Amino acid sequence: MTKMLKQAVDGILTEAEAEELYGAFDQIGNIIILRVPDSLLSKRKIIGEVLLDKVKTAKSVYYQSSPVEGDYRIRKLELLAGDDKTETEYKEHGCRFKVDVEKAFFSPRLSTERERIAEIVEDGETIINMFGGVGMFSIVAAKKKKCHVYNIDINPDAARLCSENILLNKLKGTVESIEGDASRVIEEKLHDVGDRILMLLPERSDEFLESAIKAAKKKAVIHYYCHTHAEKKDQVSSLASQHFLSVVSIKSEILGAKIVRPVGPRFYQAVVDAAISK
Ligand SMILES: C[S@@+](CC[C@H](N)C(=O)[O-])C[C@H]1O[C@@H](n2cnc3c(N)ncnc32)[C@H](O)[C@@H]1O
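Not measured: the values here are computed from a predicted model.

Draft legend 1. Spotlight on the sheet that holds strand β4 (residues 77-82). If you walk across this open sheet you meet the 4 strands as β1-β2-β3-β4, and the pairing is mixed. The open sheet has two free edges, formed respectively by β1 (25-28) and β4, since each of these has just one partner strand. Strand-to-strand, the axes of this sheet are offset by a mean angle of 25°, without reference to chain direction. Here strand β3 (residues 60-64) runs beside β4; their pairing, made up of 5 bridges, is antiparallel. Looking at the pairing, V61 lines up with A81 of β4. Against the sheet, helix α3 (residues 44-54) engages β1, β2 (31-34), β3 and β4, with an angle of about 50° to β4.

Below is the structure:
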């Protein structure tokens, strides 16, 4: 993709400028999203137009004008070229997803992590996906293994798209979309039911850890996502694990920990897989 991006902007940007666009480009279905560096902001419109022309599968090009932010973890977009349509269909691991790149969180960069989780899930499990978004992790897992998944999200658009994605993937009755605050939903109806709890809201995992424990069966696995500062990459797993052990209130065994993706200089999104016993 990067090579294609560089070829597309050849003649408009210098090589150094094209280099700056590296890693700042996602294609989701027929939508391209660019995070243009400040130095190239004045050229964003022309970059958008050229990309739309060169990338035959693209119908819209947007500039991401804010970071992913707020409770719903969404971003602001500015149309650079093509149709002003933020909904598209995205295919991954044999599943189809309706996503809205403006109204609900979605990242193609979590694809490897979704596959990893689906591999670990065992047939017969009940999974609670506390911050499930449009259902990506839930649906990929449920397509691969015979499991039941509660996909909770506080954003009504994410919950609506998840309901549509459940039907698109013929998983009615297997994945359930629940709109609401994860801690409230767990408090009201999901005590002691989860074999596996997913906590993909790395900024606020500590705040929700007690709810995750409440949702878990006597023995369960929690996938705890967090952000970790580290001078060196190889320190991340142990720093994230130490942090988890310092905040968890019950007996836990670390099964593994790893970097999910870099999110800034010396700053990583990490996941800790922990077996808990209550
Ligand atoms: C980082 S996104 C992850 C979404 C999804 N797991 C995925 O990978 O596509 C976090 C999600 O948590 C949701 N969220 C934020 N606060 C929440 C809460 N208190 N209860 C339930 N969902 C919440 C946001 O709306 C957002 O969709």
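Draft legend 2. Structural context of the domain arrangement of the chain. Partitioning the chain into structural domains gives domain 1 (2-85) and domain 2 (106-277). Here domain 1 and domain 2 have C-alpha centroids that lie 30 Å from each other. Each partner contributes residues to the interface: domain 1 has 10 residues there, and domain 2 has 9 residues. Of the roughly 750 Å² buried where domain 1 meets domain 2, counting both sides, 48% is carbon and sulfur surface. Along the contact surface separating domain 1 from domain 2 lie 3 salt bridges.

Rules behind the numbers
Residues numbered from 1 in each chain as written. Predicted model: local features only at pLDDT ≥ 70, side-chain atom pairs only at ≥ 80, totals over all residues. Heavy atoms only, no water. Pairing = 2+ DSSP bridges. Helix = DSSP H or I, 4+ residues; strand = E, 2+ residues; numbered from the N terminus. Axes fitted to C-alpha atoms, helices over the stretch in contact; angles between N-to-C directions. Contact = heavy atoms within 4.5 Å. Domains from an automatic or database assignment. Buried area = accessible area lost by both parts, 1.4 Å probe. Salt bridge = Lys/Arg side-chain N within 4 Å of Asp/Glu carboxyl O.

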